[in-house]
Amino acid sequence: MNAVRSRTRIAVVGSVAAGSVLLLSGTAFAHVTVQPEGAAAKGGYAVVDFKVPNERDNAKTVKVEVNFPTDHPLASVMPQPVPGWNVEVTKSKLDKPLTVHGKQINEAVTKVTWSGGTIESGQFQKFPLSIGSLPTDTDQLVFKALQTYDNNEVVRWIEEAKKGAAEPANPAPTLQLTAAAAGGDDDAAPAADNKSAAGQKAQASSSSSSDTDTTARVLAVVGIVVGVAGVAFGVFAGRRRSA
């Protein structure tokens, strides 16, 4: 009887623990977050995804607004089109101009807004942005986001996490930055330029390989011709000696 009771208690405790994990996991996944596609190195450029889940059973998400940090302004922000959604990029004048690629920048993006589409209940949507150049004097960037539902409810994801404290109820999306790439500088080229350079290098390599292959084929043909000529000469000489 005691063994049966023990097994029953273990089963109940296990069920409660599993339910708690699922509940906490579901809550975490319901947050609006930002994650880089690859590395987000200081001083460089990165493509980041703002992941927005719909955590309401009776409403659709119809608008997402992301506010950019003013203490570390970003001069370059380019949205990737998201089917069904309109995007608006808002810029504001800077109190202190930035120098990017040798040029002075007097304004930076302060807000990006997506609207016109819908995120259904139980689904999520990613909103990609190319951003840069990333600051070198901080380890993270905090973006405050507003999520609007079709019932006019607005969820404000604006609470900054405190070190050593529990996660807030509505945490702001936070992008963690990695160390600057070796040999890099603050004005690193955008990813698109790097891809272009890589493509040109690959094309040059392919062209060189093609030229080498053509030369090898020509030499092979010449060798065959010389070989045939040699055999023919040998046969002709042999016939003359026989005569």
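Residues numbered from 1 in each chain as written. Predicted model: local features only at pLDDT ≥ 70, side-chain atom pairs only at ≥ 80, totals over all residues. Heavy atoms only, no water.

Time to look at the overall build of the chain. When you go through the chain residue by residue, the secondary structure sums to two helices and 11 strands. Walking the chain from its N terminus toward its C terminus, one meets helices and strands in the order α-β-β-β-β-β-β-β-β-β-β-β-α. Expressed as a percentage of its 243 residues, the buried residues of the chain come to 28%. Within the chain, contacts between residues separated by at least 24 positions form 71% of all contacts whose residues are at least 6 apart in sequence. When the accessible surface of the chain is summed, it comes to about 15,800 Å², and 55% of that surface belongs to carbon and sulfur atoms. (Helix = DSSP H or I, 4+ residues; strand = E, 2+ residues; numbered from the N terminus. Buried < 20%, exposed > 50% of the residue type's maximum accessible area, 1.4 Å probe, protein only. Contact = heavy atoms within 4.5 Å. Areas by Shrake-Rupley, 256 points an atom, 1.4 Å probe, with all protein chains shown as cover.)

As a further point, take the packing of aromatic side chains. The description of two aromatic rings rests on the distance between their centres and on the angle between their planes. Evaluation of the coordinates by the stated rule reveals four aromatic pairs. Ring geometry for Phe50 against Phe143: centres 5.3 Å apart, planes inclined by 85 degrees, an arrangement best described as edge-to-face. Placement of Phe50 in strand β2 (residues 46-53) and of Phe143 in the loop between β8 (140-142) and β9 (144-149) is noted, with a sequence separation of 93 residues between them. The class for Phe143 is buried, based on a relative accessible area of 0%. For the pair Trp114 and Phe127, a centre-to-centre distance of 4.8 Å together with 40 degrees between the ring planes defines the contact as tilted. Here Trp114, found in strand β6 (residues 103-119), pairs with Phe127, found in strand β7 (residues 124-132); they are 13 residues apart in sequence, far enough to count as distant. Under the relative-accessibility criterion, Trp114 is labelled buried at 1%. Classification of Phe127 by relative accessible area gives buried; the value is 0%. One aromatic cluster is present, built from ring pairs that chain together Phe50, Phe68 and Phe143. Over the ring of Phe124 we find Lys51, and its NZ or CZ is 4.5 Å from the ring centre. (Phe/Tyr/Trp six-rings, centres within 6.5 Å; stacked < 30°, edge-to-face > 60°. Lys NZ or Arg CZ within 6 Å of the ring centre and 35° of its normal.)

The subject of this paragraph is the sheet that holds β6. With respect to topology, five strands assemble into an open sheet ordered β5-β6-β3-β9-β10, the strand pairing being antiparallel. A single partner strand is all that each edge strand has here, and the edge strands are β5 (86-100) and β10 (154-157). Averaged over all adjacent pairs, the angle separating strand axes in this sheet is 15 degrees, with direction ignored. In this sheet, β6 lies alongside strand β3 (residues 61-67) in antiparallel orientation, the contact comprising six bridges. Pairing of Lys63 across the sheet is with Ser115, part of β6. (Pairing = 2+ DSSP bridges. Axes fitted to C-alpha atoms, helices over the stretch in contact; angles between N-to-C directions.)

This part covers the side chain of Thr113. Mapped onto the secondary structure, Thr113 falls in strand β6. Classification of Thr113 as buried rests on a relative accessible area of 9%.

The four strands lie next to each other as β1-β2-β7-β4, forming an open sheet whose pairing is antiparallel. In this open sheet, the two strands that pair with only one neighbour each are β1 (33-36) and β4 (76-79). Averaged over all pairs of adjacent strands, the angle between strand axes in this sheet comes to 30 degrees, irrespective of strand direction. Strand direction decides the pairing type here: β1 and β2, joined by four bridges, are antiparallel. Bridging across to β2, Thr33 finds its partner in Lys51.

Moving on, we get to the pattern of salt bridges. Should their charged atoms come close, side chains of opposite charge can pair. Under the definition given, this model contains five salt bridges. The closest approach of N and O atoms between Glu65 and Lys111, which form a salt bridge, is 3.9 Å. Placement of the pair is Glu65 in strand β3 and Lys111 in strand β6, with a sequence separation of 46 residues. Accessibility expressed as a relative area gives 14% for Glu65, which makes it buried. Judged by its relative accessible area of 24%, Lys111 is partly exposed. Connected through shared salt-bridge partners, Glu55, Arg56 and Glu153 make up one network. (Salt bridge = Lys/Arg side-chain N within 4 Å of Asp/Glu carboxyl O.)

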